[in-house]
2 protein chains.
Amino acid sequence: MKSDSISVGIIGFGTVGTGTARILLENSALIRERCGFSVVLKGIADLDITRDRGIRVPDGVLTTDARALLNDPEIDIVVELMGGIHPAKDFMLEAVRNGKHVVTANKALLATEGSVIFAEAERAGVEVGFEASVAGGIPIIKVLREGLVANNIVAVYGIINGTSNYILTKMTEEKVEFSSALEEAQRLGYAEADPTFDIEGIDTAHKLTLIASLAYGIPLSFNAVYKEGITKITARDIEFASELGYKVKLLAITKASNGEVEMRVHPTMVPNEYLISKVDGVFNAVYVEGDAVGSTLYYGRGAGDMPTGSAVVADIVDIGKSIVHGVARRAPVVSPETASRRGIRRMEDIESMYYFRFSALDEPGVLSKISGILGANSISIVSVIQKGRRIGGSVPLVVLTHRARERNVLDALREIDALPVVSDRTLFIRVEGSEE
Amino acid sequence: MKSDSISVGIIGFGTVGTGTARILLENSALIRERCGFSVVLKGIADLDITRDRGIRVPDGVLTTDARALLNDPEIDIVVELMGGIHPAKDFMLEAVRNGKHVVTANKALLATEGSVIFAEAERAGVEVGFEASVAGGIPIIKVLREGLVANNIVAVYGIINGTSNYILTKMTEEKVEFSSALEEAQRLGYAEADPTFDIEGIDTAHKLTLIASLAYGIPLSFNAVYKEGITKITARDIEFASELGYKVKLLAITKASNGEVEMRVHPTMVPNEYLISKVDGVFNAVYVEGDAVGSTLYYGRGAGDMPTGSAVVADIVDIGKSIVHGVARRAPVVSPETASRRGIRRMEDIESMYYFRFSALDEPGVLSKISGILGANSISIVSVIQKGRRIGGSVPLVVLTHRARERNVLDALREIDALPVVSDRTLFIRVEGSEE
């Protein structure tokens, strides 16, 4: 049994570092009352320790020397909030080797290099907390690991990138194109100057990697995640989707069937009746279906200093309880040793309903040609929208399909896009919902 | 360090008992894989052990003697799923005194007699798990205790009674009256033959008692909860609400301000833009606002064998981890010793916006009289709806107000209802949302 306090060192005094420090300082009495021990903020390391972050940090806490925290024998938990791969990875490994527990919000690092870190933590007998790395303040990691521990996970659908969701919401509500919605997001600070990670689905895939690993006990497999961003979605597609009763969302999807796990990130048409379709702006939500619990959904802010700090501090407190009770590694971490033998389903093998927007010449017989090719590839049509007539010109022809196999869809589209009456590459969006 | 398995005895082989047993039996390999220890179902006690529940229970597990489980030295955790106050309370106390941890879904018992049970558990050094007692499969207790541990809770709003929510949803979607929606709920098994606990807000108040205690560290104070059911709501009120942009929901509300905690259950008009307004049918949802995390929402099935069983098993696993690691009482239980000194706000002192439906004679000057009395009681009007003309007859006059104090509202209504031009008691519904 240790004393009644634990000590924390934060590396990275940016947005989340500041939020975490603020919570530890301002809510310290509350945390002590709830847990029975104090969390002492022993140090904060950052290259810039002079900039005003709007909070008062006690004297002697700030340092430019991260290694001083990593080697401080009094520090129990190192909180890595600098982001990026290097030197974050080296700092985390050094902390772990020094016998310190680690808490991080660094999904990119964990998704790509997490196996090394978890294995090292396993060896060292320390915990790695990463609640803050997925869906900000929503305690989704805890929900998956503990709250739904009794369930075989049927599927997880997540809106877990606020930037993309803001852009799609803006495009939907104001009928503007992607580029102008992106500009607005950048102006408001919701998108970075280089927005690639967010709009190409990479950040979403990082988080999905962690979710899938927890849900299905598979190793962290970022490279196996199918990644498709939102840049090709047009205001017109969003309008057609709306006409058909759907919203377009960038979803992270993982589900298991026949011993295989699907992991995919792509724009998805979600029926208006689904609660997750109503999650707008920068908010995040994760829908989890378990075999016992059925449908559940978790909603909140996916980013920001205080929401993410809330998750960081929850991890600190959880690990703190283990420390105070002399029990390390109470919750199992994801590790190759415990990983199940489930395979990852190849993207061509998934099944989905589909939305197609064909750029077809407005000529007699075009629909018959296209639907003939779809039929030959075992793709059957639910509904067709053809708007505006422009004899001899190109008009959008929208088709919604029943459940089909991705491989067949790609084959059919290759054939269709080669038709002389088709003037441009067909845009397609996968569609969720039940078939009737 | 104990062995790598823990033993469980269930008292009560009804709906939830059956779901819990099914999960423990069918998902046992999964649970073992995730936690590193086995959960052994050692016994199930019920007066009726012959009825077919559709699951195969291993030989020797069923017994009609609950005390045999309470006194079995091999049983680590007693799961109380019989419901009701007696003998459930006696069984739980006996289990605790025998050094056994207890898991229960019995909100009525905990809300009214929980302090005794928690205090006894504190003395005995055992844990009391009650995740299943609030919002079925939604892990809201874990979220409040652990996931949001860093937050001062600003407010909690919950739809936590599926029966009431089903009835209100039915009334909204099909424009039927309360009585016929109730009949339908009874026919479908969503409401009991005597539906009092559900429709009068008592069940909701039981759950709110537990939520408020966790959120604000106050003692369990069921008697201090304001309770108002949904029986007075008419299809007409729901239609007026809809016209004003609101849904009518039975909400459990707790919030803190100026050192006082509000605890109230009543029909509430919720703006259509709020996600919680879209939670329909038998589903539950809990909105939690924290000072760090901001707005969050948790959604799922609030009842049923498997969803509630999911929560029971999550508690078993959590306590199992403590047992296996030789650490009891890792998460603090609600106990008078840790209770904060916050007072409970009296209902007359709360502030809210209000919807009034006056039954007024259609005469010149009536609105002026009514609004005069409202004004004199510091209640200011946002909007007025008066539909249909029936000179000399009685018509509904609907008024939406700005934020006002409940005491002033009650005073004003007493005065208004005494007017000769008012033919019936005024119906009022409290309204949530931001004022502009």
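Definitions and cut-offs
- Residues numbered from 1 in each chain as written.
- Chains lettered and ligands numbered in written order.
- Predicted model: local features only at pLDDT ≥ 70, side-chain atom pairs only at ≥ 80, totals over all residues.
- Helix = DSSP H or I, 4+ residues; strand = E, 2+ residues; numbered from the N terminus.
- Buried ≥ 20, exposed ≤ 12 C-beta atoms within 10 Å, placed from the backbone.
- Contact = placed C-beta atoms within 7 Å.
- Pairing = 2+ DSSP bridges.
- Axes fitted to C-alpha atoms, helices over the stretch in contact; angles between N-to-C directions.
- UniProt positions renumbered as here; feature names shortened; annotations may be inferred.
- Least-squares fit on C-alpha atoms with pLDDT ≥ 70 in both.
- Nonpolar A, V, L, I, M, F, W, Y, C, P; charged D, E, K, R; others polar.
- Parallel < 35°, antiparallel > 145°, perpendicular 65-115°, else oblique.
- Left-handed = near helix turned anticlockwise from the far one by under 90°.

**Observations concerning the overall build of chain A**
The secondary structure content of chain A amounts to 14 helices and 18 strands. Based on the C-alpha atoms only, the size of chain A along its principal axes is roughly 80 × 45 × 35 Å. Residue burial in chain A is summarised as follows: out of 436 residues, 52% are buried. In chain A, once contacts between residues fewer than 6 apart in sequence are set aside, the share between residues at least 24 apart is 75%.

**Here we look at the environment of A:A241**
All names here are of chain A. Within the secondary structure layout, A241 lies in helix α11 (residues 235–243). Judged by the 26 C-beta atoms lying within 10 Å of it, A241 falls in the buried class. Taking the C-alpha atoms as reference points, A241 and V270, separated by 29 residues in sequence, lie 8.9 Å from one another. Apart from residues lying up to four places away in sequence, A241 is in contact with Y246, K247, V248, M269 and Y355.

**A few points about the sheet that holds strand β3 (residues 62–63) of chain B**
Residue and element names in this part refer to chain B. Reading across the sheet, the 6 strands line up as β3-β2-β1-β4-β5-β6 and stay open at both edges, with parallel pairing between neighbours. In this open sheet, the two edge strands, each paired with only one partner strand, are β3 and β6 (128–129). Across 4 bridges, the pairing between strand β4 (residues 77–80) and strand β5 (residues 101–104) is parallel. Within the sheet, the bridge partner assigned to E80 lies in β5 and is T104. Its contacts with the sheet put helix α1 (residues 15–26) on β1 (5–11), β2 (38–45) and β4, and the angle it makes with β2 is roughly 145°.

**Points about the UniProt feature "binding site: L-homoserine" (unreviewed entry) in chain A**
On the UniProt side, "binding site: L-homoserine" (unreviewed entry) is annotated at positions that read A:E192 here. Its place among the elements puts A:E192 in the loop between α8 (178–187) and α9 (196–199).

**Focus on the relation of the copies chain A and chain B**
At an RMSD of 0.0 Å, chain A and chain B line up after a rotation of 180° and a shift of 0.0 Å along the axis. Such a combination of rotation and displacement between the chain copies is what one expects of a two-fold axis. Across chain A, the rotation axis passes nearest the C-alpha of A:Y298, at a separation of 2.4 Å. Both copies present the same face, since 100% of the interface residues in chain A are matched by interface residues at the equivalent positions in chain B.

**Focus: the pairing of strand β16 (residues 394–401) of chain A**
Residue and element names in this part refer to chain A. Sheet topology note: the strand β14 (residues 351–361)/β16 ladder contains 7 bridges and is antiparallel. Bridging from a neighbouring strand, F356 pairs with V399 of β16. Two strands pair when backbone bridges link them, and strand β15 (residues 381–386) and β16 are joined in this way by 5 bridges, in the antiparallel orientation. Bridging across to β16, S383 finds its partner in L400.

**Points about the sheet that holds strand β2 (residues 38–45) of chain A**
For sheets, the rule is that strands pair by backbone hydrogen bonds, running either parallel or antiparallel. Residue and element names in this part refer to chain A. Taking strand neighbours across the sheet as the criterion, the 6 strands line up as β3-β2-β1-β4-β5-β6 in an open arrangement whose pairing is parallel. Because the sheet does not close on itself, it has two edges, and the strands there are β3 (62–63) and β6 (128–129). Packed on one face of the sheet, helix α12 (residues 305–324) meets β1 (5–11), β2, β4 (77–80), β5 (101–104) and β6 and runs near 165° to β5.

**Digging into the interface of chain A and chain B**
Contacts between the two partners involve 47 residues from chain A, matched on the other side by 47 residues from chain B. At the level of elements, α2 (28–35), α6 (140–147), β12 (294–301) and α12 of chain A are the ones that each hand at least two residues to the side of chain A that touches chain B. Residue contributions to the side of chain A that touches chain B peak at 9 residues, all from α12(A). Across the side of chain A that touches chain B, the residue classes break down as 23 nonpolar, 15 polar and 9 charged. The sheet contact formed by β12(A) and strand β12 (residues 294–301) of chain B spans 3 bridges and is antiparallel.

**Some thoughts on the packing of helix α7 (residues 162–174) of chain B against helix α8 (residues 178–187) of chain B**
Residue and element names in this part refer to chain B. In the contact formed by α7 and α8, the axes pass within 9 Å of each other and the chain directions differ by 125°. The pairing of α7 with α8 is recorded here as oblique in orientation. Judged by the sense of rotation from one axis to the other, the crossing of α7 with α8 is right-handed. On the side of α7, the interface is formed by T163, Y166, I167, K170 and M171, while α8 contributes F178, A181, L182, E184 and A185.

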